[in-house]
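Listed here are the chains, written in short residue letters.
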Amino acid sequence: MEFLADALLNGYVLSYLLIVILAQMGLAGWYRFQRYRLTRRRRRQGLPPDILIDQTQRWSELRRGAFWEAGVLLGTVVIVPFIMIYFAAPESALSKTSEEAAAPAQAGLALVFVTLLLWLLLNGTDVAKAFLGGLAFKTLVAFQRPLQVGDRVALKGHRGKVTQLGTFFITLQTSDDDVVNIPTRDLWSEVLVSANAGARASLCVMPFYLDPKVSQEQRQAAEDAIWEAIQASAYFEPAQPMQIYLTQTPEAICLTAKAYVASTYQESLFCSDVTRAFLEFAAREQIPLASPA
Amino acid sequence: MHLEAVLTIGWPEANNSSFSARKVHQAAQEAEEAQEAYPQALSRWLDSGPARPTLLALERLFRRRPGGFHALKTLIGALSGLPDREVPLPCHIDCFAYAFLKGAKNFDFLLPEASSEESPFRTRLSEWNEAINALEELERVGQPLPAHLEFTQEDYLHLRHILARKSARDERRTLATLLVNGPSMPAELKTDLGLNETLAQRILGLLVNSGVVETRSGEQYVIREQALPLVVFGLRETLGLDLLSSLQPSGRT
């Protein structure tokens, strides 16, 4: 027992634990400091806090951040004890440890290292699970790119724009301005659906329903009207293709328009523009629309 | 007949020129009313002018609104159907109108960009890319704009203040319409965007005060040439409209 106490209660073990904890705190503090510097620099240029750029995080920045977070954790947990064991060895030129204290110090370091490693591997507590699961998912996202900040996504039944990709939570802002925080570690086994996958534009699908008794000329005129309404909208992305498909049901002739909105966040306005133009056309030309039976 | 597009910037005045696309189209329509076929009238115009005629201000023939493409499609379609000449017919068209028509109507198939001469747009493109990159760096990391740009940081902040506001939907749409359609009167914007007249006037007044838009011939409103990179960047980041991307040299996005 005395040996165990000597092993665990010594300067090397304490330093090791402090390095592991302070490294994580230091990294978080460094990022916070960088954000503060950026905000101050922008304020000096007369810019408000919100950044106008659509994709606020470059992939390179995300990858660098994930690399540093994972690297600092693994480096401090795995590499530091070996360095300290070397310093603790009495035969080491840099060691100031006496022969009697060396053995317990090295044993203590080894014990704490193995314990930490098992704790990491087996996710000993909920906080560890959340932290490690979230960090691993963030690292995966940085390199595999299933989603990124700014994407419009559907996660765990919630739809919204990703505003933050944190280690503990992914934050979504819904169309009703609700803020939804989803635990990051829970997303490992989730299906991730992104409407725009990092791009500005996304596809909009807009159905329009005509009365089944419309004439061929009316149907063609309706199709032309939808086509022109889409191209006339200020929200339309002209560089992407658009299509109109016809389907028929007993209740209606359905014209489904598929076109890209230039900014995925303007999807509702885009659909509203096109729908308004179509309804005005239908009223003007007296084209009958489908009505519920 | 082969046509080629020469991309212009700044919507140079051409309304009174006999080579203006609007005048040529109007003359051909009048001839059609007098029982002469539209393509024949065009052919007569080509034969009566200089050996190497040029069609100017093609963008004035269309407006981005339902039914606004008809005149342009008629003219280009008829010209393409005429017999080939010694050299392709150069058609001057604003770069942003061309970018829009290229994507929306595949106009570059009928009207590919001229390769024999460098257009005004191509000579300015690298400056614009540099300006837009500088605006990105200003937004992303707070790096001040270089002094040699044609606009100042105050110009950008003034425009940004308008565009960034979430409720400035009509202001953004108006700028996007001016960018694609070119010089516009308030009544035209009212029809294009479904605004009421007083709102259109108010928005245009606001944009003139911001230094981004100027008046021409007293009645038409047009984006200032020096402010084009500002407007392109601002609309890209708020509306997602990136008209320059389809005109970049291959290998650059």
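As shown above, the structure is provided for reference.
Keep in mind that what you see is a predicted model, and the values were worked out from it rather than measured. (Residues numbered from 1 in each chain as written. Chains lettered and ligands numbered in written order. Predicted model: local features only at pLDDT ≥ 70, side-chain atom pairs only at ≥ 80, totals over all residues. Heavy atoms only, no water.)

## Some words on the packing of aromatic side chains
Line of reasoning, step 1. Under the counting rule described, the total for this entry stands at 11 aromatic pairs over all chains.
Line of reasoning, step 2. Ring geometry for A:Phe278 versus A:Phe281: centroids 6.4 Å apart, planes at 35°, classification tilted. Taken together, the residues span about one helical turn, with A:Phe278 and A:Phe281 both in helix α7 (residues 267-285) at a distance of 3 residues.
Line of reasoning, step 3. Aromatic side chains B:Phe62 and B:Phe69 sit 5.7 Å apart centroid to centroid with 20° between the ring planes, which places their arrangement in the stacked category.
Line of reasoning, step 4. Accessibility expressed as a relative area gives 1% for B:Phe62, which makes it buried. (Phe/Tyr/Trp six-rings, centres within 6.5 Å; stacked < 30°, edge-to-face > 60°. Helix = DSSP H or I, 4+ residues; strand = E, 2+ residues; numbered from the N terminus. Buried < 20%, exposed > 50% of the residue type's maximum accessible area, 1.4 Å probe, protein only.)

## Details of the interface of chain B and chain A
Line of reasoning, step 1. Opposite the 34 residues of chain B that make contact, chain A presents 34 residues.
Line of reasoning, step 2. Interface area for chain B against chain A, summed over the two sides, is near 3,100 Å², with a carbon-plus-sulfur share of 51%.
Line of reasoning, step 3. Taken together, the connections running from chain B to chain A amount to 2 salt bridges.
Line of reasoning, step 4. A salt bridge links A:Arg42 to B:Glu139, with the shortest nitrogen-to-oxygen separation between them at 3.2 Å.
Line of reasoning, step 5. The interface formed by chain B and chain A holds 13 residue pairs in polar contact (both at pLDDT 80 or more) in total.
Line of reasoning, step 6. Secondary structure elements with two or more residues in the side of chain B that touches chain A: α4 (95-105), α6 (120-141), α7 (153-163), α8 (169-181) and α11 (228-238) of chain B.
Line of reasoning, step 7. No other element matches α6(B), which puts 6 residues into the side of chain B that touches chain A.
Line of reasoning, step 8. Across the side of chain B that touches chain A, the residue classes break down as 15 nonpolar, 6 polar and 13 charged. (Contact = heavy atoms within 4.5 Å. Buried area = accessible area lost by both parts, 1.4 Å probe. Salt bridge = Lys/Arg side-chain N within 4 Å of Asp/Glu carboxyl O. Polar contact = N/O pair within 3.5 Å; in protein donor to acceptor, adjacent residues only side chain to side chain. Nonpolar A, V, L, I, M, F, W, Y, C, P; charged D, E, K, R; others polar.)

## Digging into the sheet that holds strand β3 (residues 169-173) of chain A
What holds strands together in a sheet is hydrogen bonding between their backbones, with the strands either parallel or antiparallel.
Residue and element names in this part refer to chain A.
Line of reasoning, step 1. Reading across the sheet, the 5 strands line up as β4-β3-β2-β1-β5 and stay open at both edges, with antiparallel pairing between neighbours. Where the open sheet ends on each side, the last strands, each with one partner, are β4 (179-183) and β5 (193-194).
Line of reasoning, step 2. Note: strand β1 (residues 152-155) against strand β2 (residues 158-165), 4 bridges, orientation antiparallel. Note on β2: the bridge partner recorded for Leu155 is His158. (Pairing = 2+ DSSP bridges.)

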